[in-house]
Amino acid sequence: MARHTVAGEGADIFRSKGILAVAGSDRRYVFQGVHMLFVGEKGALWREGEARRNRLVFIGRNLDRQALTHGFAHGVATAGAAV
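Description of the structure in this document.

### Things to note about the overall build of the protein chain
Part 1: Across its full length, the protein chain holds two helices and four strands.
Part 2: Listed N to C, the secondary structure of the protein chain is α-β-β-β-β-α in terms of helices and strands.
Part 3: The buried share of the protein chain, taken over its 83 residues, is 18%.
Part 4: In the protein chain, of all internal contacts separated by at least 6 residues, the share reaching a separation of at least 24 is 51%.
Part 5: In the structure as shown, the protein chain presents an accessible area of about 6300 Å², 54% of it carried by carbon and sulfur atoms.

Take a look at the structure:
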């Protein structure tokens, strides 16, 4: 769903960046993008006891915050979910 969300808003997203907690990975996934072009890579290990939170930042014009939030929320796994 996130891919479709970004594709729909892509022309209005100037920059994006974030840190994602990927299910089944002990490392952060760090990404950045310009419009619909993204690059990402595994980052540092999560520290023991650290809350694994997804943090995304979008800079653009006329962005639909609710649509972006909803689109990315559909890709979130819950604790204990099978990967």
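There's plenty left to go through after this.
### Side note on a nonpolar patch on the surface
Part 1: Judged by side-chain polarity, Phe-14, Val-57 and Ile-59 come together as a nonpolar surface patch covering roughly 250 Å² of accessible area.
Part 2: With respect to the element layout, Val-57 can be found in strand β4 (residues 55-60).
Part 3: Of the residues examined, Val-57 reaches a relative accessible area of 43% and is grouped as partly exposed.

### A closer look at the packing of aromatic side chains
Part 1: Applying the stated rule across the entire model yields one aromatic pair.
Part 2: An angle of 50° between the planes, with centres 5.9 Å apart, marks the rings of Phe-31 and Phe-38 as tilted.
Part 3: In this arrangement the basic side chain of Arg-28 is found over the ring face of Trp-46, its NZ or CZ atom lying 4.5 Å from the centre.

### Side note on the side chain of Ser-25
Part 1: Residue position: Ser-25 is located in the loop between β1 (13-21) and β2 (27-34).
Part 2: The residues touching Ser-25, leaving out its near neighbours within four places in the chain, are Trp-46 and Arg-52.

### Thoughts on the side chain of Arg-28
Part 1: For Arg-28, the position within the fold is in strand β2.
Part 2: Within the structure, Arg-28 has its side chain in polar contact with the backbone oxygen of Leu-45 (distance 2.7 Å).
Part 3: What Arg-28 contacts, discounting residues up to four positions off in sequence, is Ile-19, Leu-20, Glu-41, Lys-42, Gly-43, Ala-44, Leu-45, Trp-46, Arg-47 and Glu-50.

### Observations regarding the sheet that holds β4
Part 1: Pairing is antiparallel across the open sheet formed by four strands, whose spatial order is β3-β2-β1-β4. Every interior strand has two partners, whereas the edge strands, β3 (37-45) and β4, have only one. Shown here is a sheet whose adjacent strand axes are inclined to one another by a mean of 10°, direction ignored.
Part 2: Here seven bridges tie β2 to β3, and the two strands are oriented antiparallel to one another. Note on β3: the bridge partner recorded for Gly-33 is Phe-38.

Cut-offs applied
Residues numbered from 1 in each chain as written. Predicted model: local features only at pLDDT ≥ 70, side-chain atom pairs only at ≥ 80, totals over all residues. Heavy atoms only, no water. Helix = DSSP H or I, 4+ residues; strand = E, 2+ residues; numbered from the N terminus. Buried < 20%, exposed > 50% of the residue type's maximum accessible area, 1.4 Å probe, protein only. Contact = heavy atoms within 4.5 Å. Areas by Shrake-Rupley, 256 points an atom, 1.4 Å probe, with all protein chains shown as cover. Patch = residues over 30% accessible without salt bridge, like charges linked within 9 Å, V, L, I, M, F, W, Y side chains within 5 Å. Salt bridge = Lys/Arg side-chain N within 4 Å of Asp/Glu carboxyl O. Phe/Tyr/Trp six-rings, centres within 6.5 Å; stacked < 30°, edge-to-face > 60°. Lys NZ or Arg CZ within 6 Å of the ring centre and 35° of its normal. Polar contact = N/O pair within 3.5 Å; in protein donor to acceptor, adjacent residues only side chain to side chain. Pairing = 2+ DSSP bridges. Axes fitted to C-alpha atoms, helices over the stretch in contact; angles between N-to-C directions.

Function-wise, these values are silent; they only describe arrangement.
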